[in-house]
Amino acid sequence: MNNSERIRVAVVDDHPVFRLGMAALLGTLDSIDVVCEASSVREALDVVTADVDVVLMDIELGDGSGIDATRSIVEKFPETRILVVTMHEDEDTLVASIRAGARGYLVKGADPSGVERAIRAVADGEMIVGAAVAAKALGAMAASRVLAPTVFPQLTGREREILDLVARGLDNATISRRLVLTQKTVRNHVSNIFGKIGAADRASAIVRAREAGLGREGF
C-alpha cells in the first residue's frame, strides 16, 4: 500500500470500552480511518467488506472465536489483513491465529505507537508479531508442521487439526482451550469427524488417525 493512501480499519472486540477506546485512538492518527466496528463473530462477518484494509481482531468474542472469524474473512476477502489484538500470549493461540490467516499478533496493552506501526506494517503486506510473543513465535512456528490435505481429504482443515489433537490424547476441554473454541463447537467438530472417517467412537478414531500419521508431536 502506498503511504499516501488511507488505511480503512475495522475494530472487532466484544468489550465496548476497549473497542471504543481503540477506535478513538485510531481516529487521531493520520491516514487511518475506522470504517466499522463489531462485537461478535456474526457482526464482524456482516460489516467487514472488501473495502476494509485491516481488521483488528480480538480472540474471544461473545458468540465464538476470532480465529474462526479470521479464517472466514480471509477466505472471503484475501486482500484484507487481520491484526490480532488479544490478552493471550501463549504460542498455541499465536500459531492458530497465523494458520487462520492473521498477518499480525499484538498483546493488548501495546503502546499506541506500537499499534500504529503494526497496522501500517500489515497494511503494507508485512507479517508482524509484538515483542511479547516474538520469541514464542519463532519457536512455535519452527516446530510446527502443516497437515497435508491428502490425509483424510474428506475433512476440512479445522477438522484435521482437531483430529490430530484427538489422536494425541487431548480431551475436548483441552482442545477447546488450545484452539480458543467453545466446548460445544469442539464436540460438534468431533462428532462430524467420526462420521466422516467412519469411526464408531473416540478410541477407534485415535487408531485410524495414528495409522494415517496424525497425533505426532510437533504439530
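About the cut-offs
- Residues numbered from 1 in each chain as written.
- Predicted model: local features only at pLDDT ≥ 70, side-chain atom pairs only at ≥ 80, totals over all residues.
- Heavy atoms only, no water.
- UniProt positions renumbered as here; feature names shortened; annotations may be inferred.
- Helix = DSSP H or I, 4+ residues; strand = E, 2+ residues; numbered from the N terminus.
- Buried < 20%, exposed > 50% of the residue type's maximum accessible area, 1.4 Å probe, protein only.
- Salt bridge = Lys/Arg side-chain N within 4 Å of Asp/Glu carboxyl O.
- Pairing = 2+ DSSP bridges.
- Contact = heavy atoms within 4.5 Å.
- Axes fitted to C-alpha atoms, helices over the stretch in contact; angles between N-to-C directions.
- Arc of directions from axis to C-beta.
- Parallel < 35°, antiparallel > 145°, perpendicular 65-115°, else oblique.
- Core = buried A, V, L, I, M, F, W, Y, C linked by side-chain atoms within 4.5 Å.

(A) Layout of the UniProt feature "modified residue: 4-aspartylphosphate" (unreviewed entry) in the chain. Feature annotation in UniProt places "modified residue: 4-aspartylphosphate" (unreviewed entry) on Asp58, given in this structure's numbering. Relative to the helices and strands, Asp58 is located in the loop between strand E3 (54-57) and strand E4 (60-61). The class for Asp58 is buried, based on a relative accessible area of 5%.

(B) Quick look at the pattern of salt bridges. This model, assessed by the stated rule, comprises 10 salt bridges. The partner of Asp33 in a salt bridge is Arg6, and the shortest N-O contact between them spans 2.7 Å. Here Arg6 lies in the segment before strand E1 (7-12) and Asp33 lies in strand E2 (residues 32-38), a separation of 27 residues in the sequence. What makes Arg6 partly exposed here is its relative accessible area of 46%. The salt bridge partner of Glu161 is Arg158, with a shortest N-O separation of 3.0 Å. With Glu161 and Arg158 both in helix H7 (residues 157-167), this residue pair falls 3 residues apart, about one helical turn. With relative accessibility at 9%, the residue Glu161 sits in the buried group.

(C) Focus on the pairing of E2. Pairing of E1 with E2, which is carried by 6 bridges, proceeds in the parallel orientation. Residue Val9 lies in a different strand from E2, and its bridge partner there is Val34.

(D) Structural context of the sheet that holds E3. One open sheet holds the 6 strands; their spatial order is E2-E1-E3-E6-E7-E8, and the pairing between them is parallel. Where the open sheet ends on each side, the last strands, each with one partner, are E2 and strand E8 (128-129). As paired elements, strand E6 (residues 81-86) and strand E7 (residues 104-107) share 4 bridges and run parallel to each other. Its bridge partner lying in E7, Val84 is registered against Tyr105. Of the strands in this sheet, E1, E2, E3, E6, E7 and E8 touch helix H5 (residues 112-123), which is tilted by about 155 degrees from E6.

(E) Inspection of helix H1 (residues 16-26) at higher detail. For H1, the full list of buried residues reads Arg19, Met22, Ala23 and Leu26. Along the axis of H1, the buried positions cluster into a sector of 100 degrees, meaning they face one direction only. Looking at the buried positions of H1, the neighbouring elements they touch are E1, E2, E3 and H5.

(F) Quick peek at the environment of Ile128. Tracing the chain through its elements places Ile128 in strand E8. Judged by relative accessible area, Ile128 falls into the partly exposed class, the value being 23%. For Ile128 and Gly104, which are 24 residues apart along the polypeptide, the C-alpha to C-alpha distance reads 4.6 Å. Ile128 has contacts with Leu83, Arg103, Gly104, Tyr105, Ala118, Ala121 and Val122, leaving out every residue within four places of it along the chain.

(G) Region of interest: unusual backbone geometry. Of note in this structure, Ser31 is not a glycine but carries a positive phi near 65 degrees. For Ser31, the position within the fold is in the loop between H1 and E2. Of the residues examined, Ser31 reaches a relative accessible area of 14% and is grouped as buried.

(H) The packing of H7 against helix H9 (residues 183-197), seen in detail. Two elements in contact, H7 and H9, have axes separated by 10 Å at closest approach and are oriented at 95 degrees. When the axes of H7 and H9 are compared, the pair comes out roughly perpendicular. The residues of H9 that touch H7, namely those facing Arg158, Glu159, Ile162, Leu163 and Val166, are His189, Val190, Asn192, Ile193, Lys196 and Ile197.

(I) Main features of the nonpolar core. Within the largest apolar cluster, 25 residues are counted, with the highest numbers of intra-cluster contacts made by Val12, Val48, Val55, Met57 and Ile82. A total of 4 residues in this core trace back to one element, the largest contributor, which is helix H4 (residues 91-100). Look past the residues within four positions of Ile82 in its chain and what remains in contact with it is Val55, Met57, Thr70, Ile73, Val74, Ala102, Arg103 and Gly104. In this structure, Leu165, Val166, Ile193 and Ile206 belong to the second largest nonpolar core, which totals 22 residues.

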